Amino acid sequence: MTSTGKPFSSGASFANWFAKQCKAAGLPDECRAHRLRKASATIAADEGATAHEVMAIYGWTRLAMAEVYTKEADKKRLAKAASERLANRM
């Protein structure tokens, strides 16, 4: 909500407001709404959230957007599981 109690008019207006708040707080330039949202989606997927769960959390309507995060997390989980099976075999 804006300082007047109304919703932001767009994602860009929220992002601009958020960037100003980060700057005022003395945070590094990397602390921006998009980057924090991306980090949060990555963490959710790494913790086992499904693509549909990630979609629900972030309000995405396209499965492909959520799969960007879950596919990478799945690759990590699959590689770890396969490596452990190989190690146990030896």
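Computed from a prediction, not measured in an experiment: that's the story for all the values here.

Trainee: Just give me the short version of the overall build of the protein, but keep the residues and values in it.
Mentor: The number of helices and strands found in the protein is four helices and zero strands. Ordered by position from N to C terminus, the α and β elements of the protein give α-α-α-α. Its C-alpha atoms give the protein a radius of gyration of 18 Å, more than 25% over the compact-globule value 12 Å for 90 residues. Taking the principal axes of the C-alpha coordinates as reference, the protein spans close to 65 × 30 × 15 Å.

Trainee: If you had to explain the pattern of salt bridges to someone new, which residues and values would you point to?
Mentor: Applying the stated criterion to the full structure yields five salt bridges. Residue R32 pairs with D29 through a salt bridge whose shortest N-O separation is 3.5 Å. Look at R32 and you get partly exposed, because its relative accessible area is 23%. In this structure, K80 and E84 form a salt bridge, with 4.0 Å as the shortest nitrogen-oxygen distance. Residue K80 and its partner E84 are located together in helix 4 (residues 63-89), separated by four residues, close to a single helical turn.

Scoring rules and cut-offs
Residues numbered from 1 in each chain as written. Predicted model: local features only at pLDDT ≥ 70, side-chain atom pairs only at ≥ 80, totals over all residues. Heavy atoms only, no water. Helix = DSSP H or I, 4+ residues; strand = E, 2+ residues; numbered from the N terminus. Rg over C-alpha atoms; globule rule 2.2 N^0.38 Å. Salt bridge = Lys/Arg side-chain N within 4 Å of Asp/Glu carboxyl O. Buried < 20%, exposed > 50% of the residue type's maximum accessible area, 1.4 Å probe, protein only.

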